[in-house]
Every structure is written in C-alpha cells, then in structure tokens.
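Below, each chain spelled out in residue letters.
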Amino acid sequence: MLVNLEVQRFNPEQDAAPHVESFEVDVPDGSTVLEALMHIKDERDGSLSFRRSCRSAICGSCTMSMNGLDGLACKTPIRQLLSQFGESGVADAKPHETISSHAGQAHFGAAATAAPVAGAAVPSSSVAPKTTNGKSVGTVRVGPMHNLPIVKDLVVDMTRFWEKNKSLKPWLVPKNAPPAREYPQSPEEMERLWRPANCIFCGTCYSLCPVVSVDDTFVGPAAIARVGYRFLEDTRDGARKERAETIVEQNLWLCAHCYACSYCPKHVDPHELIALSCVATIEEGVTDNTGARHAMVVADTIKKTGFLEESQVIPGTLGYFNLIGLSSVMPLGLRLLLKGKMPPLLMRPVPRVTEIREIFKAAEAKRY
Amino acid sequence: MLQHDILVVGGGLAGMRAAVEAAELGLDVGMLSKIHPVRSHSGAAQGGINAALGNREDDTTDAHAFDTVKGSDYIGDQDAIELFAEEAPQAIIWLEHMGCIFSRMDDGRIAQRPFGGASFPRTCYCADVTGLVILHTLWEQCQRLNVKVYEEWFATALSVQTGVGSGVVALNVTDGTIEAIRAKATIFATGGAGRSFYKTTNGLSSTGDGMSMAYRAGIPLLDMEFVQFHPTTLKSNGVLMTEGARGEGAYLINALGERFMFKYAPTKGELASRDVVSRAEQTEINEGRGVDGCVFLDLRHLGKQKIMERLPQIRELALDATGIDAIDEPVPITPGMHYWMGGIQTDKHGATPVPGVYAAGECACVSVHGANRLGGNSLLETIVFGKLSARHAADYAARISAPDFNANLLESERSRIGAMLANKGGERVNVVRDEMGKAMMEGAGIYRLPATIQVGINRIRELKQRYKQISLDDKGRVFNTDLTGALELGFLLDVAETTLAGALRREESRGAHTRLDFPDRDDEKWMKHTQARYRPDADPELGDKQVTVTKWQPQARVY
Ligand SMILES: Cc1cc2nc3c(=O)[nH]c(=O)nc-3n(C[C@H](O)[C@H](O)[C@H](O)COP(=O)(O)OP(=O)(O)OC[C@H]3O[C@@H](n4cnc5c(N)ncnc54)[C@H](O)[C@@H]3O)c2cc1C
Ligand code: SF4
Ligand code: SF4
Ligand code: FES
C-alpha cells in the first residue's frame, strides 16, 4: 500500500528549527507506522532518527505523535490510524490533538533547554514527495512526543521523565526483615500491582498530559501510577506514609483529572491509579494540603446534605484558620454577595440523604 | 580517561544483575547500555524463570539439573549446570525480596507453571510479562544503589593489553564522541544475536555486539552453531507466543485439526523440548499439513478468564499482528529463530580465558544450555551468572592494580568510525544486512545440509568484503543511528560466519542442530564444544573443547 508520511525533521547540527519532510512509501498492507519509518530509513534516508527496539510494544522506545495522537509507533497500524482520522490525515476527532498540539511550549522553567521543544508548530517545507505514482491510502503526520526537548528528528531527551520517576523512590523498602523464603502475598494483593506492572515507561501519558506541559513541577502520570501507586499498594512495602508525603510534595494533586493519560497503550490507565493514589495519601493521613482538604470537604458536604456546599468548599480547602488565604478570597465573596450570588451558608439535607451516605459507604469500602 | 573498577557492558537482566552485585559489594561500577536499560530485550521475555522452589510439587535442584542436561542433548557442562540449578531458588527469592512481582498461589507463595522439557512445574512467572517485571526490579535496584549508567553509549571494541582486559572504547550516541573507558574488569552482557537472521523473535538491538567484540579481541566463541528455533512465533513479524501458553495447556494442531505432537513425543506432547517441537511442526508443514507455512496454537479451551489472567499480552500481540483473537480462534504460528545457545566462552564463574574479561547472559556460553536451551532457563542464566560473574570480577579487581588501556585502540576506533562516516558511493547498510539475514535463514535454519551451509559461508565471505565499502546517509555526530546500525551489522557478520562454520563442521544432529545428512547424535565423535577463534581477514579457526560430565552419562533423548 502506498502511504504518505509527513515526518517532522530536526537536525541540531544543521537546522535552526524543525521542519516537515514528506515521503511517499510503498509498504506491505497492515504495516505499522514504525515499519514505514524503518522502510524510509533503510531505503530512502538513513539519517532519519527515531528510537525502536522490540517492535512488539514492550520496550517503550518508539513513542511519538501520529496524526496528533501520541502512542507507540510499533503498535499503530497505518490503516487503523487513517480510519480513525480519515484520509486527510488530520484528526477528525480532536481531543488528543488539542491536548498535544498546544503542549510543551515554553513551560519548562529551569528544565528549558536551547533545543526546540516537541510540539511547537512547525512550518511544512516544500519538499515534494519523492515518488508520486499510484494512489496513496492517506497521510500520516509523525512528530516527536511532547513535553520533552527534541534531540534529533523523533528522538527526545527523556532525562526529566526519568528524574521524576526517581523522585518517588522507585524501589521496595521492605516492611519486614526478609524471611528465608518469599514474602507471602495473596493473588488478590498481587492483582492490585498488576496494572502498574504493565507500564513500560513509554511516556505516552507524560507526552499527553496538559498539566505537565504547563507546570514542570508536576511529577506526571507515569511516575504516579507506575512508581507511586505501585509501591503505595505493595503489601511488602514499609514506607507507605513516607511515600504518601513524597508523592504529595511532588504535586500529586496538580492532576486535573482530564483523562488524557487514560490513552495508555498498555492499559495501565494512569488516571485511575492517580485517583487511587490520592485516596491512599488521605488514608495515610497526609491531609495538610489543599488537594486533600478540597477532596475531603467536597465529600463531607455531600455526605452531610447531599449538596456540594460551595460556601464550605473554599474555606475548607484553604483551611479555616488560614487567615491570609481566606482574606485573599474576601473580595470575591463580597462581589458575590453584592450580586446576590452568594451560595447559602447553611443548607438543609435533601430528602433521603441517608441513601447518599450509603453510596459513599459502598464506594469507600471498595478497593481496587 | 573515564574509569571504574568494574565496567558492565549491557543493561539487560544479566548486566543489571551484575551491576547491582558489584555495587552491593561496594565497588565503583559503571554500566554501559546502547539503549536505556529498561528498553533491553530482556523485557520482552514472557513465559517465566525456572527454579526448583517446589511450591507446587516436590521438585529438586537435582531434577532441574538433569532436565537441563537432557535438554542440552548432553553437551552442556554439567558442573556449571549443577551450580546453576542449585543457585536458582535463592536467585528467585532474592528477586522477590527486591520487590519483583510474581503470580501467586492461594497460600501466598510464588506460583509455578509447567514448561517444555521440565519434569515438574518449575517456571515462576508474572502472567506473561515475566521479563518486564524482573527487568524493572533490577532497574529499581540500580537506582537505589545509584549505579553510574552510561545511557545510550555504544561499545565498539574491547581493550586487551598484554593479555589482560582493561575496558572498552565506546561511542556516546547522543553527542557522537568516542571515548575510552578503562576498567579493572569488564563484564559483557550484551544479549543475543537474533538479528543475524532475517526473521527472529529478537528485537532490533539483539545484534551480537559483545560476542563479536570479545572474538575480535582474541576470546573464543563456543558452540555458535546451536541456534534455537521457538515453536510458536507469528509468521508476519516473528513475534513470540510464549511457551507459557502450552504450559497452561494450549494445543498445537495442524490443518486437519489434529493434535500432532504426540506422534513425535508420545509422553510430553506439546511440552517436549523446543528443538523437538519445532522440528515436528516443520515436518507437518513440509508434509502438507500446514496452512500457508503455519500450524496452529489453540488456546480456545483455556477459556477467556484464564487467557486474560495468565496470557493477556500474547493475546493482544496476536490480535494486533493478525487480527485473530486467541479466545475465539486458533492462532497460526511457525517455528522462528529465537535464542543463541553459543557465545563468549566462559567458565562457571563467568570468566573468559582472558583475565579481566567476563561474560554473562545470552552473549555468554557457560555452557548451561548446550545444544538446546529449556524455556525459562535463560532468564535464570542472566540472574545467576550476572551475579556470579560480578562476584568473581570483584575478587579479581581487588587483587590487581588498574591495567593499561590498549594504547592504539582509541585512535584506531576513531579512525575506523571516521572512515565509515566519510565513505561515499558504497552500498546501503540494509542491502548487506538483508542478504546476510537471508543467507542465515537458508544456511543455518532448522534443517541443515552441507551444500546450503556452504552457500551461506560463501555469501557471508562476500558480504564481509562488501561491508567494508558501505556508506551512510547520516554523516552527523548527534544520535547517528545510521552509524550504530552499520557497526551492529559488522558484529552480526562475525556471528553469522562463526555460526555457519560450526554448522558445517559438526557432522551429527544434536539438539537444535539438525544435519539431514547426519540425522543421529554421534557421541563418539562429537560430544564436544566447537571453539571458534578470530583470525584477521581469514575464516575463523575452529577447534574443540571438552564437555564436562559429572554424573549423567549420555542417554537416548525421548520426551
Ligand atoms: C520474545 C522473547 C521471549 C523470551 N522469553 C523468555 C522466557 O520466558 N524465559 C526465559 O528464560 N527466556 C526467555 N527469552 C530469552 C531471554 O529473554 C534472553 O535470553 C535474556 O533476556 C537475555 O538477557 P541479556 O541480559 O543477556 O541481554 P539483553 O536483555 O538483550 O540485554 C542486552 C543489553 O546489552 C546492551 N548492549 C548490547 N550491545 C551493546 C553495545 N555495543 N554497547 C553497549 N550496550 C550494548 C543493550 O543495550 C542491552 O541493555 C525470551 C527471549 C525473547 C526474544
Ligand atoms: S502508564 Fe502507560 S502511557 Fe504511561 S508510561 Fe506507562 S505504559 Fe506508557
Ligand atoms: S488525568 Fe491528570 S495526569 Fe492524566 S493527563 Fe490529565 S492532568 Fe495529566
Ligand atoms: S519498539 Fe518497543 S515499544 Fe515500540
């Protein structure tokens, strides 16, 4: 099948900025994006640079952006990509496109480097496809993953990604002295570690995360799911409290729960594990922070009355004795009051509020 | 000059296990890896790792050793195999204590599944991502111990000065600089060489680098002709379907829907050892009972729940590659090149004949696998001999003062690579690479004949000449994977040459080496290892090395 690949190129030894180069290639039907790139490298341009190793979605090397959607090139068949996005090669369904295309520009703070950052809008060069005969099945636009600086072409510098993983202490801190044999662990206890165990550190989630793109202090979805949650939930680990504190310091609660990272090629679904990590930190009593207070006050007011009591949420989140914080929201309160929009200070419970409390009870009893 | 007490070349399971041991012993250790350690091909291992824990049945280390000897078709070294089997349970317990995730039995102990050629359910696993969880555990330990990692550094040559190993020359892939790294002891852990075949279960980084570097520096390669073909691989892309599938009870069926394995292995059926099963499949296919060059792996009777719980990865890999859902339909599979039994000659402590140079993992030939490796023994080899080689390297490093780096090596490597970058108008890397891959498929496949082996040898000789003229598109320094691909091809050509030479010389059929003109094992003449030594600009020099027998005399091998 004939396919048109528009590949973002950048060679720091030659180029001032990334540009796009088109290749029309003939690859076997059923080929993945990686196979098409390998074909280009072999037959057309050996200087095209990308990482790859296992070609079976287990080493995590080949993460890139394909038609605006980030993922593993070796797990992305070209036909599937085109049927998802139409022949134009432009995403019809936009959610990931919007997330990823704005991501990663100029938000690196201290981590910023001179190298261009993946995701910056790049001009398309006028290089014509090298062959033009036949009818192509469509266009695949390939670029580097986002939120990390580009090294060359599709290769990014993952240093920050690894640093963030390491910041959460990715190793077991044994609870008990090692027995002569294995630490016992039930199949159910092991089962809880199964989802994060499937993470291959590919960085797709990190690349998709809008919070990472605007705030480099956010540790990011892979670290929370694969390192944070995985050790918080390991019955053999003895540092749960300390881990809860560390993960909160690394800004666990900055997650905006946007679900972008649920698009994980290995079905880890970091977002869900992030939510469960939040619960774990509260269980460990690490509650003296805005994130935990906010979550708790929201839950409390709903439990109490069946309503989200907005008048309680702000002081509850900031802290009832946080005078500086509270005075900073005073003007807002006053304006609300003047416009007659102040939420009621006291609310009467909805009828049958006990049923709502039952729902909470059931939800709280359920562990992953 | 960069330097360490111990330099580990390779960041897969063997390399990281060695680095962790050396760091635990308090040595200054550096670990070099051409790809990030967690990207290493060990992560692709699916089925499991063997140890006679006896959690399910009364297994013994002696039974493990015997199964391994029998699997090796009596050409594994029995002293090494006994040590290997004895070290196994503790190796697994150590991994578990480090936090490795294992599938469990109801009573909380590590679960074990049956595997080919094993007399008890001995294979510990984590569903079908065993390699990944062990690789990650070791990476975690490397971080805990702050092991110095040269990430994306590509070793190009081994330094040997006055007969003593003293480090490597390596290319920093990110910026293109070429440096010498001096070390008292160097441990190769560079993995297999599957990419010398056109189609393989191995990833694109399994290119025999360490084997070739050691060989060029004068260390013999052992038993290179023994190449394992795995019975269940996908035809389109060579991707593996773990033996764990058959361990969990999957069937092999032919086009007529028959479970054919009992014709070939009356007792063990699908769980005979790999050489036996692969040959059986090829025979079925050759005799017209296949479909499109394939037979079928049938998981349907296991049911959705068991498949999703124990074999989810392979179900998805098959679904992605073929569109077939193993829950509902048998998956077409074919034998595929999988594992390198031969490699850098070492003793049972991982030491090569050159002082200061060690090897562990798939690049080494200890030899515990002999002519045929049992499933689950290779991951074990990386853990056991990774550790032992580091221990012995540490003892050695404590005894000696820092050796001299080979005075000319850095300059000669710089100019060799410089010339490669400068060359214009030659052939492309992929042309030579693909011809090599096809020559190996023909010459060193499941069934071998002297005429086709010879064709392969001639072709590789010719390709080695053509290789000298190849030219690259990428002339730059930064992340030049055109260059690393060319260097890898150079390594692979050495591997291919020694493999074919060994295959032509060994006039018998043993384990994975099947000569149609010599269909039987010949213990009288061939119960010995093949040793290949490098000669610059000439064919390898072949010789013999004795097999160590402790208590198991060769018997007929039936399953
Ligand atoms: C698909 C598949 C499934 C398998 N399943 C099983 C199983 O279930 N059970 C089992 O026992 N075995 C299994 N095996 C075999 C087993 O996985 C391998 O033999 C083993 O993992 C090899 O480990 P290693 O550490 O020796 O090499 P690798 O994991 O391949 O690591 C090699 C390392 O060396 C580095 N390296 C290589 N060359 C250079 C260089 N020039 N410079 C610097 N660094 C270099 C690489 O970066 C890498 O880090 C499987 C193999 C495959 C392919
Ligand atoms: S959680 Fe998923 S997307 Fe994120 S790094 Fe792990 S495997 Fe990749
Ligand atoms: S759910 Fe949270 S971690 Fe995931 S992408 Fe959105 S903000 Fe980032
Ligand atoms: S090449 Fe390994 S995940 Fe794609």
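Please read these numbers as outputs of a predicted model, since none were measured by experiment.

(A) Quick peek at the overall build of chain A. A count of helices and strands for chain A gives 14 helices and seven strands. Within chain A, the proportion of its 368 residues that are buried is 54%. Pairs at least 24 residues apart make up 69% of the contacts formed inside chain A by residues separated by at least 6 positions. Approximately 16,500 Å² of chain A is accessible, and the part contributed by carbon and sulfur atoms is 59%.

(B) Geometry of the sheet that holds strand β5 (residues 123-124) of chain B. Residue and element names in this part refer to chain B. Taken in spatial order, the three strands line up as β3-β5-β4 in an open sheet, and their pairing is antiparallel. In the strand order of this sheet, the two ends are held by β3 (49-50) and β4 (112-113), each with one partner. Pairing of β4 with β5, which is carried by two bridges, proceeds in the antiparallel orientation. Paired with glutamine 112 across the bridge in β5 is cysteine 124.

(C) The arrangement of the environment of leucine 234 of chain B in detail. All names here are of chain B. Mapped onto the elements, leucine 234 comes out in the loop between β11 (227-233) and α6 (244-247). Separated by 216 residues in the primary sequence, leucine 234 and alanine 18 have C-alpha atoms spaced 33 Å apart. The residues touching leucine 234, leaving out its near neighbours within four places in the chain, are Val239, Met241, Leu317, Ala318, Ala321, Thr322, Val331, Pro332 and Thr334.

(D) Quick look at helix α1 (residues 13-24) of chain B. All names here are of chain B. Between its terminal C-alpha atoms α1 stretches 16 Å, which fits the 16 Å expected from twelve residues at 1.5 Å a residue. For α1, the tally of buried residues reaches eleven of twelve residues, placing the bulk of the element in the interior. Among all positions in α1, only Leu13, Ala14, Gly15, Met16, Arg17, Ala18, Ala19, Val20, Glu21, Ala22 and Ala23 are buried. Turning to α1, the residues buried within the fold contact β1 (2-9), β2 (29-33), α3 (78-97), α4 (130-144), β9 (178-188) and α11 (377-399). Note on α1: the residue one or two positions beyond its end, glycine 26, has a positive phi of about 85 degrees.

(E) How the structure looks around the packing of aromatic side chains. If you walk through the whole model with that rule in mind, you get 13 aromatic pairs over all chains. With centroids separated by 5.2 Å and ring planes inclined at 70 degrees, the aromatic side chains of tyrosine 215 of chain B and tyrosine 534 of chain B adopt a geometry described as edge-to-face. With tyrosine 215 of chain B in helix α5 (residues 209-216) and tyrosine 534 of chain B in the loop between β20 (528-533) and β21 (541-546), this residue pair connects regions lying 319 residues apart in the sequence. In this structure an aromatic cluster arises from ring pairing among Phe161, Trp162, Phe201 and Tyr206 of chain A together with Trp139 of chain B. Across from the ring centre of tryptophan 94 of chain B, 3.6 Å away, lies the NZ or CZ of arginine 17 of chain B, which sits over that ring. Above the ring of tyrosine 150 of chain B, the side-chain terminus of lysine 148 of chain B is found at 4.7 Å from the ring centroid.

(F) Looking closely at the site of ligand 3. The immediate surroundings of ligand 3 are formed by 14 residues, with Cys209, Cys255, Ala256, Cys258 and Cys261 of chain A found nearest. Residue assignment for the shell around ligand 3 shows that the elements contributing at least two residues are α7 (210-214) and α10 (270-283) of chain A.

(G) Geometry of the site of ligand 2. Residue and element names in this part refer to chain A. Around ligand 2 sit 13 residues in total, of which Cys199, Cys202, Gly203, Cys205 and Cys264 are the nearest. When atom positions are compared with the pocket grids, ligand 2 is found to occupy the second largest cavity. Each residue belonging to the shell around ligand 2 can be placed in one class, and the counts come to ten nonpolar, two polar and one charged.

(H) Seen up close, empty space enclosed by the protein. Residue and element names in this part refer to chain A. Using the criterion set out here, one finds eight cavities of 30 Å³ or more in the structure. Considering only enclosed or pocket space, the second largest cavity measures out at about 100 Å³ in volume. In terms of lining residues, the second largest cavity is bounded by 15 residues, among which Cys199, Cys202, Cys205, Cys264 and Val268 are the most central. Sort the elements by how many residues they give to the lining of the second largest cavity and helix α8 (residues 221-232) lands first, with three residues. Along the lines of polarity and charge, the residues of the lining of the second largest cavity split into twelve nonpolar, two polar and one charged.

(I) Structural view of helix α4 (residues 159-167) of chain A. For α4 of chain A, the complete set of buried residues consists of Phe161, Trp162, Lys164 and Asn165 of chain A. Taken around the axis of α4 of chain A, the buried residues stretch over an arc of 160 degrees, which confines them to a single face. Looking at the buried residues of α4 of chain A, the elements they touch are α6 (204-208), α7 and α8 of chain A together with α4 and β6 (148-151) of chain B.

(J) Just the state of the cysteines, in detail. All names here are of chain B. Summed over the entire model, instances satisfying the criterion amount to zero disulfides over all chains. Cysteine 142 takes part in no disulfide bond, and the closest cysteine sulfur, belonging to cysteine 100, lies 14 Å away. The exposure class assigned to cysteine 142 is buried, which follows from its relative accessible area of 2%.

(K) Looking closely at the domain arrangement of chain A. One can read the domain layout of chain A as domain 1 (2-156), domain 2 (159-283) and domain 3 (291-365). Put simply, the middle of domain 2 of chain A and the middle of domain 3 of chain A, counted by C-alpha atoms, are 29 Å apart.

(L) Representation of the sheet that holds β20 of chain B in the model. Residues and elements named next belong to chain B. Pairing is mixed across the open sheet formed by five strands, whose spatial order is β17-β15-β10-β20-β21. With one partner strand each, in any of the chains shown, β17 (364-365) and β21 form the two edges of the open sheet. In the sheet, strand β10 (residues 221-222) pairs with strand β15 (residues 343-345) via two bridges, with the strands oriented antiparallel. Considered in β15, the bridge of leucine 221 is made with isoleucine 344. Running over the sheet, α5 touches β10, β15 and β20 and is turned about 40 degrees from β15. Running over the sheet, helix α15 (residues 481-505) touches β10, β20 and β21 and is turned about 65 degrees from β21.

Quick notes on the rules
Residues numbered from 1 in each chain as written. Chains lettered and ligands numbered in written order. Predicted model: local features only at pLDDT ≥ 70, side-chain atom pairs only at ≥ 80, totals over all residues. Heavy atoms only, no water. Helix = DSSP H or I, 4+ residues; strand = E, 2+ residues; numbered from the N terminus. Buried < 20%, exposed > 50% of the residue type's maximum accessible area, 1.4 Å probe, protein only. Contact = heavy atoms within 4.5 Å. Areas by Shrake-Rupley, 256 points an atom, 1.4 Å probe, with all protein chains shown as cover. Pairing = 2+ DSSP bridges. Expected span 1.5 Å × (residues − 1). Phe/Tyr/Trp six-rings, centres within 6.5 Å; stacked < 30°, edge-to-face > 60°. Lys NZ or Arg CZ within 6 Å of the ring centre and 35° of its normal. Near = heavy atom within 4 Å. 1 Å grid on protein atoms, 1.4 Å probe; cavity = no way out; pocket = protein on both sides within 12 Å on 5 of 7 lines; lining within 4 Å. Sits in = over half its atoms within 2 Å of the grid points. Nonpolar A, V, L, I, M, F, W, Y, C, P; charged D, E, K, R; others polar. Points joined across faces, edges and corners; volume = space filled by probe spheres on them. Arc of directions from axis to C-beta. Disulfide = S-S within 2.5 Å. Domains from an automatic or database assignment. Axes fitted to C-alpha atoms, helices over the stretch in contact; angles between N-to-C directions.

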